[in-house]
Structures are given as structure tokens and as C-alpha cells.
Amino acid sequence: MSERADPLLDVSGLTKHFAQDDSLLRRLRPDQSVRTVKAVDGVDLAIRDGETVGLVGESGCGKSTFGRLVLRLLEPTDGSIRYRGRAVDEFDAAALREYRSQAQMIFQDPFGSLNPRYTVRKTLVEPMAVHDIGDSTTERVGRATELLERVRLGPEYLDRHPHELSGGQRQRVAIARALAVEPDFIVADEPTSALDVSVQVEILDLLGELREEMDLTLLFITHDLSVVRHVSDRIAVMYLGNLVEVGETEAVFSNPSHPYTQALLSSIPNPDPSATSERIPLEGDVPTPIDPPSGCQFHPRCPKILPSEEWAHGQRTWRELFRLRTRLAGGDIDPEAMRETLREAGERADDDAVVDALYRNHVADRVANATGESVPDPVATVAREALSAFVAGERDGAVGRLEAAGLTTVCEREEPELATTEHGSEVRCHLHSDVAGDRPESAKLRERDREKIL
């Protein structure tokens, strides 16, 4: 996503698609199709020598898959990976073995990543032997002892097995194993998430010390934003397999540009009881990577989705109507369930009553709670007409009625272009790019609306 002079690691268009439920029988049957999971979908990222980049995002967004791809633990579907100018994706077995001596990984689960049959001694000595580090077993054991001391363990741990260690001790051994081959670059995949809070602090301090002492470059993968601020020079925010914002850590925390980044940062607990901050809620779950949304993939959950040029009312009202359109199209509203609720309450439950109740629940009350205002009469009419068609079983007609009223957006039609903000961050969002491009003047976003939303 960013172009850097002579980066240590330079990833361009990196893609990994997995086939779901793939089998020979499924391929041979004409009525069956193999669905593709787009785990990582065209990521660009450059990491400078000696820096720590924090890769953040919700669970399932592709962070761990990306980390495994850059180390060739998974084979990419497309794209390029260059390490010190060399094409990692083209390495043969010998070159890949050499690369593994320069680039290592610390896994999330320290118990699962350590061989339960190996002692700590063998866990540390074997990588040295594989990569011809040290002239003898005695020298390698000596180096293993030094590594244990470096990660704040002692030589008494050499002959212990993983089950004899605590979670924090196992993770220290995993860090020592990664350092055993003297790497320059380490991918740390949620290295503290499986540990107690007090142990997390110790591991983070240890990684910081080792980075300074050994001049390491780190890709630190986590979903904990309170952690990434303290360990990273830059932050890359991932959503549904791609990066939506990349920038210097303080710039991103002080001036987050993408609505997704803003929502993530608003969720960080503030220990100051006197501080006031508004939480930005994200509705719904991360969409499936099998069939990601069109345009900006964040638009179904975005709290700042752009209205159409024709829309003459408030952005929040437009957002609630667009949400209604999305839920109607997806069949997420159940008129019969509402009808049954009305009957149980002893209220009228004919079609008009169901429409009234759905309108209150999905439009009127939501707008009133957010703005303190009522829905404008023309908007209320459109919403009721769409709901009436939906209750009558005409889903396409309901959605079409809302679309005809201007409930469409550039966010669902076009992928946003990469833009650089005034704070130096790179972001993919129509709020920060020329949403008009070569489209007619009438389709351009009005600047006053853009400023209001930002």
C-alpha cells in the first residue's frame, strides 16, 4: 500500500484464495461448484529495515494468513513478495531454506507451536543444526543457554518439555527458537493473546528489548489496539482481506481517517473515568470472504456511508433507509415474526399494523434515538411503501422502491482509490478520494456533505 525506498520486505498485490469444500467428486458434478474464500485479496505493504509494523483488524480478516504468506508457509495465489529485493515467491527449496534463516515466525499458541516430544534443548539446537549455525553440538547448546538467558529463562529449563512450562515460559522458548537462527525479520502472530495480562506485559517488554538489541524488523499481528500503539512505528489496518489504512502510529491514533479505523479506536477502553469519548458501533458481522460486498467492502457496516447526490435529507436518515434496503434485500426482516409478536401483545396484527411496527423498529425509532428528530414525511412515505411491498411478499419491488428514491451510493458501486491524507496516512475510502473521477458533474459528491460527514 505504500512505496518505500529499498524496503526490507515489499509485498505487492498479495492474494490468497482457498477453495471451500473442494473434492474430485464436486469438480466432476456439473450441478456442484467450488466456492472460493478470499482470505487475502490484493495487499500492498512495504516494511522498512528496523521498523515494527502493527497489522490490526477483527478476527477473520486475514491477518494471520498474510503473515504466513510473507514467510512462504502458505503459497500465494497471486502477487509478489520481495525480501531485500529478491523475489521470495520464486525461491526454490535451497533459496527458501536460506530465507527461513533470515525470516522467522512467533506463533499465537506457544503450546501448539512447540513439539511436545522435544526438550527445550532440542527445540533450540535443532534449528541451528539445520541452518549450520555453530561448529558443534556443544557450541550450539552454549548458544541455546545464552538464548534462554536472553529471554529471561535459565539453563535449568534446557531439559524440560513444553508441558512442564507455563504459558509465558513456553512463549519465551518460542521467541528463543525464532532467534536461534539469527534472523533479521520476525512475524509475531498475536504472540500475547493466549497469555495472562501480567505475562503479556512481560513478553511485550521482552520483544521491545530484543528488537533494540538485535536490530530486528517486526511484523506484529494483533487485534489489540492498546498493545499495537506501544510496540509499532506504523500501523496497517486490515478489513476483509485488504488494507484500508496505513500510517505512522501516532498519526493514525490522533487522526484516524478510515471509518473502520475510527470505530476500532473508539472501542479502546479509557482508564480515565473523567474522560468522555463516543463509541462508534459497527452493526453486523464481518461479511463472508466467500462473497464480499461490491465497491468498498466496508460499506454495509460503515457509519459514514455516502448519500447519493439526489438525497435532500440528513445523512443519518439516509443511512437508516439504506440499512433498511440492505436488510430487505438480504431477507433479514421477518414480517411474520413481527405479526406473532403483535398477537402475543394483544394488538392488531393485520398487514398495516405489521408495516407500522416494522417502520418504527427499523426506521423511526433509530433515527429519533440518534438525532432526536423525526423522519421527514417524504422519507417516511417511501419507507412505508417499501415495507408494504415486502410484507405483501414483493421483495424485489420493496428494494426497487428504495433504490428509485435515491437509496444507492458510490460506496457500493465503485472501489475507492488510494489517497494520502493531510496527516500522511494512506487510506482507501471514498470520503478521502475523488469519488467523481470521470463521472458527470451531477454525480459528484457535494463538498458541504463531505465535510459534514468527515
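In what follows, the accompanying structure is described. Given the structure is predicted, the values throughout are model-derived calculations rather than measurements. (Residues numbered from 1 in each chain as written. Predicted model: local features only at pLDDT ≥ 70, side-chain atom pairs only at ≥ 80, totals over all residues. Heavy atoms only, no water.)

## Focus on helix α14 (residues 377–391)
With 15 residues, α14 extends 21 Å between its outermost C-alpha atoms, agreeing within 8% with the 21 Å of an ideal straight helix rising 1.5 Å per residue. All buried positions along α14 are accounted for by Val379, Ala380, Val382, Ala383, Ala386, Leu387, Ala389, Phe390 and Val391. Looking at the buried positions of α14, the neighbouring elements they touch are α11 (315–329), α12 (335–344), α13 (351–371) and α15 (395–404). Phi for Gly393, located one or two positions after α14, is positive at around 90 degrees. (Helix = DSSP H or I, 4+ residues; strand = E, 2+ residues; numbered from the N terminus. Expected span 1.5 Å × (residues − 1). Buried < 20%, exposed > 50% of the residue type's maximum accessible area, 1.4 Å probe, protein only. Contact = heavy atoms within 4.5 Å.)

## Points about the pairing of strand β10 (residues 242–248)
Residues in a regular strand point their side chains to alternate faces of the sheet. The buried fraction of β10 is high, at five of seven residues. As judged from the six bridges shared by strand β9 (residues 234–239) and β10, these two strands associate in the antiparallel manner. Residue pairing in the sheet places Ala236 in a bridge with Val246 of β10. Relative to strand β12 (residues 426–428), β10 is paired through two bridges, and the arrangement is antiparallel. Across the sheet, Glu245 pairs through a bridge with Val427, a residue of β12. (Pairing = 2+ DSSP bridges.)

## Things to note about the environment of Pro162
Relative to the helices and strands, Pro162 is located in the loop between α5 (137–150) and α6 (167–179). Sequence separation between Pro162 and Pro116 is 46 residues, and the spatial gap between their C-alpha atoms is 5.8 Å.

## Description of helix α4 (residues 120–130)
Every buried residue of α4 is listed here: Val120, Thr123, Leu124, Val125, Pro127 and Met128. In this structure, the buried residues of α4 make contact with α5 and α6. Positive backbone phi, approximately 55 degrees, marks Asp132, located one or two places after α4.

## Observations regarding the pattern of salt bridges
Evaluated as defined, the whole model comprises 26 salt bridges. Asp49 is paired through a salt bridge with Arg84; the nearest N and O atoms lie 3.5 Å apart. Of this pair, Asp49 sits in the loop between β2 (35–47) and β3 (52–56) while Arg84 is found in the loop between β4 (78–83) and β5 (86–87), placing the two residues 35 residues apart along the sequence. Judged by its relative accessible area of 41%, Arg84 is partly exposed. (Salt bridge = Lys/Arg side-chain N within 4 Å of Asp/Glu carboxyl O.)

## Concerning the packing of α11 against α14
Contact geometry for α11 and α14: axes closest at 12 Å, N-to-C directions at 10 degrees. With respect to each other, α11 and α14 are oriented roughly parallel. Residues Thr317, Leu321, Leu324 and Leu328 of α11 form the contact with α14, whose participating residues are Val379, Ala383, Ala386, Leu387 and Phe390. Of the residues that constitute the contact of α11 with α14, the class distribution is eight nonpolar, one polar and no charged. (Axes fitted to C-alpha atoms, helices over the stretch in contact; angles between N-to-C directions. Parallel < 35°, antiparallel > 145°, perpendicular 65-115°, else oblique. Nonpolar A, V, L, I, M, F, W, Y, C, P; charged D, E, K, R; others polar.)

## A closer look at unusual backbone geometry
Positive phi values are uncommon outside glycine, yet Asp132 reaches one of about 55 degrees. Tracing the backbone through its elements, the reader meets Asp132 in the loop between α4 and α5. Residue classification places Asp132 among the exposed residues on the basis of a relative accessible area of 62%. Unusually for a residue other than glycine, Glu182 sits at a positive phi of about 55 degrees.

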